[in-house]
Each structure stands twice: as structure tokens, then as C-alpha cells.
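The primary structure of each chain is shown beneath.
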Amino acid sequence: MSSKSVQKEIEKLREQIDEHNYRYYVLDDPIISDAEYDALFLQLKKLEAAHPEFVTPDSPTQRIGAAPLKKFAEVQHAIPMLSLDNAFTDEDIRAFDQRIRDRLKTSATIEYCCEPKLDGLAVSIRYEKGHLVQAATRGDGATGEDVTENIKTIRMVPLKLRGEAPRIVEVRGEVYIPLKGFERLNAQAEKKGEKIFANPRNAAAGSLRQLDSRITASRPLEIFCYGVGVVEGMKLPATQRGILQWLAEMGLRVSAFVEAVKGVEQCLDYYRRMGEQRDKLPFEIDGVVYKVNSLAEQEKLGFVTRAPRWAIAHKFPAQEATTTIEAVEFQVGRTGALTPVARLKPVHVGGVTVSNATLHNMDEIKRKDIHIGDIVMVRRAGDVIPEIASVVKARRPHDVKKIVLPKHCPVCHSLVEQVEGEAVARCTGELVCPAQRKEIIRHFASRRAMDIEGLGDKLVDQLVDERLVASVADIYHLTQEQLENLERMGEKSAQNLLEQIEKSKSTTLARFLYALGIREVGEATAKQLALHFRTLPALQAASEEALQSVPDIGPVVAQHIANFFREAHNREVIHKLIKAGVHWPAVKAAENLSLAGKTFVLTGTLRDMTREEAKERLEKLGAKVAGSVSSKTSYVVVGVDPGSKLDKARELGVEVIGDEEFHRFLKKYE
Ligand code: IVH
């Protein structure tokens, strides 16, 4: 290839990658798979490595961070970065709206731009002629820190703007870490024995303000843009909504939840709707922001010292609160793992009352230096179990008590053992411990395992306590009489339960393997095992080496599986289950499956089955079920109220099949 055509090829690849980035991050509408994207990226990297003379600072490959700095340079904000006044009640917001109408001397309805308020840190990113030249933190609002190299590592921040860019534009937005990224970051830190971040906000600040931007590059930072500072060489849109629209057109990421509304009541309605979404969002929001939409009106309203008169933050109940640890108890799980649980003085956090928090394991207690009697910061994020974020050491009472791992299981009194190098302590009473047995049975009966409807937590407790069920095989020998004699169990419900137990006998190998509760064997692994070995005897006979040839199974999981089947007791239970009538259809070899190699995407509500069911049936036929439509998708199955996936399918010319057709399709291949 001539040097000219290499350069052309490099430029073409960059354009493609930028375009796909834009579709992915800004439009949330990718048209290629991650693998295809990675391939493009790799190709660009290879070409640039062979031709370093063509590497430019705004190539997508240049997001890896630079050599560490001694300290951050200062950046003056020509237009200060303001903060917002906070409000907590509907009345506060109505008063805000009234103040605005008074100041504007109008009784007309004010139009507001409503936006989610993300909890991260504010940055200002300066583009000159469309190229990213500088990025700064907010600092004290007037002077911030130069974090250009750090910001450039965030993939969703364009290094070059799309379309016609003004001479200068300073984009303002919030850099944050999504909840999944936060968990991952802390899990890694825990493994390495490093400091844990108390919340995603601290994690974002700690990640962005790294003198070594190569560290920043490894952190899952994201951004939403919500405004502008200095803009030169272009007339601004007339509204805040218009500005956000314009930012998105230039390739900047703007929240999809932005809405322009009329009047204060619609603002409050937005607040309630966002409040309902809050726990389901992949990132933390601490409230919403209302901004007077018209820039002309904004200008008339002006500022007071540090905040604009035309905007206000309407905060949600805090997701952190302090309370006292009153006691610590140890719970015994399915594998005998002892989990310390803190009993808390009940406290309101993020709109719910919290009275328990998991302490995970003894290492965690040691690292966070938690004692009984301590005053702690409790956090709940999304719909996960509340956690102790940190101890308020400054307020530690003098009489706190150390938390000690019990020597004996609190349930069966067997010895507790802590394996060298492992964080978890386990009860050694595997077969005798009712707590372990209960958890094993619960898991076995759970919906995604053997799916025995009606065999709930309370009933499992009763069955084990009354010694009617010791191992999962005993479930299949329960009688009407035994069940009827249980408290709160009538003739009818006993009959129903027996029917459900009978129904559960007909299952799949994958479900059965998952139901056995082998350590580290989740649903996905169970499916892989079933597909690979196809029969139970083949799996039972497999060596650790053979097990490791299954996708995603490493030495640790292989060992767990082999150990499980080596255990005589486990073999006996399996034998009993099969003797009792548990069975499954033969598993076809992957290459013989009728839909092998086909990829499906499901959208909308299907009429007579859940998406989960549809997925399971398709997978049984060897098909893959993907989350987004790409050129590789074979079929898009459309139910009631389909989403944008349908549009995408049409755009890409992917075959679309409806509800009824899908049924016929399954019938035919099953
Ligand atoms: S506007 C002049 N919009 O909240 C207006 N801020 O408490 C200044 N924030 O420093 C900010 N989401 O870090 C605005 N949609 C949003 C926001 C937002 C989060 C942060 C930002 C600001 C702080 C003010």
C-alpha cells in the first residue's frame, strides 16, 4: 500500500470508529456488535503502529493516558461554574416558580427544562474549531484543575466534534461512575487490599483527579453534558433544551431523560416519574434540576453570588444515612459460608427503612474497622442490599465491642473453619447443618432451577425443622398426609404442592445441573456444561482437564465440579432424584441443533410467554438471543409495544417476525 492510501485508510477507520462511538454513546443505538467494533479498533491500532507518522492526538487510539504529572495546572473559568440551590419539597419548588414569575413580572406559565441531577463532579471541556484542547474540574467555580489528559481517556467524550463546530465552545457536564463500574472497581480494590470508595461520587472524583492519567484510563468513567460556558463564533439556540439538542448533534452525550415542560406542576410530575425510575437506573442520581428554558428569560433573571436564579435542584431522599450497629449476627448460606449481618437501629435511606446490612465477611469488617456500637454510614444504591459504607470514627463511643467470628455454627454448632487465604468462614456441618440444608433446598426449588412453585422459604423451614426433608431427593417422597399435617397447610394446598413437585420432575439437564447448587456453577455455566457433555454420566466422568475445555470454566470451577461429583453423598442424592422420576430430554449436539448459528433479538411483550421463556426455548434449539440488533441478527421477534429495536431491524433489513409466526416457528423447530 502506498503511504497515501495508508493514510486514507487510517482516516477512514477513524471516521468509522467515531461514527460508531457516536451511535453507541450519544444515540444509544449501535449498529454493529462489540466484536465488530473491536475489530475496527484493532485494525486502526495495527496501521498506526506500522505508520507512527500518521498518529494524531485526536485518533480514537489516543485515549490511554499520558505520563504522570507532578501537579495539576490551574485553569481559570472565564464564565464561572456555578452551583445550584437545593430544594426538598413541592412547596419549595412552587415558591421557586412564583419567585421567577414575580421577577419576570408575568403570570404566564413558565417553560422549564427538566434534567436528571447526576452525582459526580462537574467539568468544563473546551473545544477550539471542534478539537478538544482543554478540560478542567470545577474547583471553586472560578479556578479549576487542568484534567485534559484524564478527560481524554473517557471514550464517550469526543476528541473531535461532529459537523460544523464553533470557533470556541466550552461544554459543561457531570463526570460519574455507573453503579456496575463502582462495584467492579471496589471488588478489584478489595482483591488488591486497596482503599475502598465509600460511594460512586468519591470513586469518580478519585478516578478523575489522578496525576497519572493512565490510571484514569482504567476507570469506568462516564459523562452527561448539561450546559455550556464560553461559546464564540456561533449564535446560541434560544432555549436550554435547544442547547442540549445542539450538544448532542455535535456528538456529546446528553441524558435521554431531558424534558421541556410547561409550568411547575409538570416539573413536579417529572420529579415523581424520575423518582420511580431512580432505583432502576444504571447510575446514581441525587435529584432533578429545573432550568428556565428560555435563555432570554435566564438572562433577565441573572445570578445571586454562586447560583443562578433561573435553576434549582430538587433533591431525592439521600441514599446515605448514619445509624448505630446494635448487634451482629451470622447467617449460614447454602455452601456453609457464614455471613455477618449488622442489625441496625432502623433508619430511613433513599425512601425506605433499613434495619439490616450485610457485612460480607470478616476481612471486610477488619478493613472497615467495624465494631458493635459504632455509628456508621449506611448506603443503598439501586435495589441492592444496603451496605455499611464507612464508620464515623469521630463519633465512636468508648464502649464499642469487637466482632468475633463464632467458633461454632450458630445453627448446628459444628466447627467453623476459615480456609487459609479465603475471606469466607464456613460451617463444617455440611450434611447435618439445617441452615445449609434449607438454603440448598430453597435453591433447588427456585424458579430458575427446578421451579417448584409453592415451595417457599417458610415451607422449607417447616419441612427441614419437622425432619420431613433432609436432602433434595426427599422432596419427591413427600405425601399428602405429611403435608396436610403441617401448620398453615390445607388439603388443597398440599395437593397443589404435590402437583407442582410432580411437574418439576420433567426438566432440562441445564436446569438440573444448576439446581444441584454446585459451587460457582450458575445458570450460564450449567447451560454450557449441558451443551458440552450432553449427558449426566459424561459430565460425572469428566476430568478437571476435560471440564476446563468448556467455555468460561477455569481451574477453580472445574475443581468445584469434580469435587462435587466425587462426593459419595452427592452421587447418592442424584441417583435418588433420578430414581424418583426426575428426567430431561436428550441434549442435541450443538452443531445438530436446528437453530445453531442463528441470532435472535426480542422486543415488546410476547402474547403467551415471557421473554425469559422465549429465550430459553430458543437457546434450547441452539440459537443465541442478543440484546441489540446488528447486521448479524437473523431475526427480530416483535411483540406488543416494540421498542426502537424494530426500527433498527427495518433500517438494517433484518427479518422481522410477529408473535404468531414466532409460535409456528418454535413449533416447527422443536
Ligand atoms: S447545572 C448554572 N445541570 O450539580 C447551572 N448541574 O449542585 C450549574 N449537576 O455543579 C449546574 N447534574 O456538578 C446542572 N443537569 C445538571 C446537573 C448538574 C448534576 C451538578 C453539577 C453542579 C451541581 C450543582
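Computed from a prediction, not measured in an experiment: that's the story for all the values here.

A. The arrangement of the overall build of the chain in detail. Scanning the chain from terminus to terminus reveals 24 helices and 24 strands. Among the 670 residues that make up the chain, the fraction classed as buried is 48%. Of all intrachain contacts in the chain linking residues separated by at least 6 positions in sequence, the fraction that spans at least 24 positions is 67%. Just so you have it, the chain exposes about 34,100 Å², and 50% of that area is on carbon and sulfur atoms. Charged side chains in the chain number 96 positive and 96 negative. The centres of these two groups are separated by 2 Å.

B. Here's a closer look at the sheet that holds strand β9 (residues 259-262). One open sheet accounts for five strands, arranged β2-β13-β10-β3-β9; its pairing is mixed. Looking at the sheet topology across the chains shown, the edges are occupied by β2 (86-87) and β9. With four bridges connecting them, strand β3 (residues 111-118) and β9 associate as antiparallel partners. Within β9, the position partnered with Cys114 by the bridge is Glu259. Contacting β3, β9 and β10 (285-292), helix α8 (residues 240-249) runs over the sheet at an angle of about 50 degrees to β3.

C. Structural view of the site of the ligand. Near the ligand, the surroundings consist of 15 residues, among which Glu115, Lys117, Glu174, Tyr226 and Lys291 are the closest. Between the ligand and Leu118, the relevant distance is 3.4 Å, taken from a nitrogen atom to a main-chain nitrogen or oxygen of the residue. Its free accessible area being 520 Å², the ligand has 87% of it covered by the protein chains. Listing elements by their share of the shell around the ligand, those giving two or more residues are β3 and β10. Looking at the shell around the ligand, the element that brings in the most residues is β3, giving four residues. A breakdown of the residues in the shell around the ligand according to their chemical character gives nine nonpolar, one polar and five charged.

D. Structural context of the packing of aromatic side chains. Inspection of every chain in the model, using the stated rule, returns 14 aromatic pairs. Arranged with centres 4.9 Å apart and planes meeting at 85 degrees, the rings of Tyr24 and Tyr25 form a pair that is edge-to-face. Of the residues examined, Tyr24 reaches a relative accessible area of 41% and is grouped as partly exposed. According to the relative accessible area criterion, Tyr25 is buried, its value standing at 17%. By way of ring pairs, the aromatic residues Tyr176, Phe224 and Phe283 are connected into one cluster. Looking at Arg155, its charged tip hangs above the ring of Phe41, at a distance of 5.5 Å from the centre. The aromatic ring of Tyr22 is capped on one face by Arg162, whose charged end is 3.6 Å from the ring centroid.

E. Molecular detail of the side chain of His77. In this structure, His77 sits in the loop between β1 (74-76) and β2. Engagement of the side chain of His77 in a polar contact is seen with the backbone oxygen of Thr137, the distance being 3.0 Å. In this structure, His77 is in contact with Ser124, Ala136, Thr137, Arg138, Gly141, Ala142, Thr143, Gly144 and Arg172, ignoring residues within four places of it in sequence.

F. Looking closely at the environment of Asp461. Mapped onto the elements of the fold, Asp461 is located in helix α13 (residues 457-465). The exposure class of Asp461 is partly exposed, given its relative accessible area of 26%. Once the C-alpha coordinates of Asp461 and Ala526 are considered, the two residues, 65 residues apart in sequence, prove to be 27 Å apart. Residues contacting Asp461, with those up to four places away along its chain left out, are Lys438 and Arg442. Side chain to side chain, Asp461 and Arg442 meet in a polar contact 2.6 Å long.

G. Spatial organisation of unusual backbone geometry. With a phi close to 50 degrees, Lys105 is a non-glycine residue in the positive phi region. Turning to its location among the elements, Lys105 is positioned in the loop between α3 (90-103) and β3. The exposure class assigned to Lys105 is exposed, which follows from its relative accessible area of 76%. Of note, Arg534 is a non-glycine position whose phi angle comes to about 70 degrees, a positive value. The topology assignment puts Arg534 in the loop between α17 (523-533) and α18 (536-541). The class for Arg534 is partly exposed, based on a relative accessible area of 36%.

H. Highlighting the confidence of the model for the chain. The predicted model of the chain has a mean per-residue pLDDT of 91, with 99% of residues at 70 or higher. Mean pLDDT in the chain bottoms out at helix α24 (residues 659-669), which sits at 82, and peaks at strand β7 (residues 168-176), which reaches 98.

I. Spatial organisation of helix α23 (residues 644-652). Considered for burial, the residues of α23 that qualify are Leu646, Lys648 and Ala649. When α23 is viewed along its axis, its buried side chains cluster within an angular range of 160 degrees and face the same direction. Those residues of α23 that are exposed and aimed more than 90 degrees away from the buried face are Arg650 and Glu651. In the core, the buried residues of α23 are packed alongside β23 (635-638) and β24 (655-657).

J. Expanded view of the side chain of Arg23. In this fold, Arg23 is placed in helix α1 (residues 3-26). Residue classification places Arg23 among the buried positions, given a relative accessible area of 14%. Ignoring sequence-local partners within four residues, the contact set of Arg23 consists of Asp28, Asp29, Pro30, Ile31 and Glu651.

K. Layout of the pairing of strand β5 (residues 131-137). Pairing of strand β4 (residues 121-128) with β5, which is carried by six bridges, proceeds in the antiparallel orientation. Residue Arg126 lies in a different strand from β5, and its bridge partner there is Gln134. Taking the residues that link successive antiparallel strands as the turn, the β4-β5 hairpin has two residues, and the phi of Lys129 there is positive, at about 45 degrees.

L. Focus on the pattern of salt bridges. Counting across every chain of the model gives 45 salt bridges. Where Glu616 meets Arg511, a salt bridge forms, and the shortest distance between an N and an O atom there is 3.2 Å. Linking Glu616 in helix α22 (residues 611-620) with Arg511 in helix α16 (residues 509-515), this pair joins segments that are 105 residues apart in sequence. Three or more residues joined by partner-sharing salt bridges are found here, namely Lys438, Glu439, Arg442, Asp457, Asp461 and Asp465.

Reading the values: the criteria
- Residues numbered from 1 in each chain as written.
- Predicted model: local features only at pLDDT ≥ 70, side-chain atom pairs only at ≥ 80, totals over all residues.
- Heavy atoms only, no water.
- Helix = DSSP H or I, 4+ residues; strand = E, 2+ residues; numbered from the N terminus.
- Buried < 20%, exposed > 50% of the residue type's maximum accessible area, 1.4 Å probe, protein only.
- Contact = heavy atoms within 4.5 Å.
- Areas by Shrake-Rupley, 256 points an atom, 1.4 Å probe, with all protein chains shown as cover.
- Lys, Arg positive; Asp, Glu negative; His and termini not counted.
- Charge placed at Lys NZ, Arg CZ, Asp CG, Glu CD.
- Pairing = 2+ DSSP bridges.
- Axes fitted to C-alpha atoms, helices over the stretch in contact; angles between N-to-C directions.
- Near = heavy atom within 4 Å.
- Polar contact = N/O pair within 3.5 Å; in protein donor to acceptor, adjacent residues only side chain to side chain.
- Nonpolar A, V, L, I, M, F, W, Y, C, P; charged D, E, K, R; others polar.
- Phe/Tyr/Trp six-rings, centres within 6.5 Å; stacked < 30°, edge-to-face > 60°.
- Lys NZ or Arg CZ within 6 Å of the ring centre and 35° of its normal.
- pLDDT = per-residue confidence, 0-100.
- Arc of directions from axis to C-beta.
- Salt bridge = Lys/Arg side-chain N within 4 Å of Asp/Glu carboxyl O.

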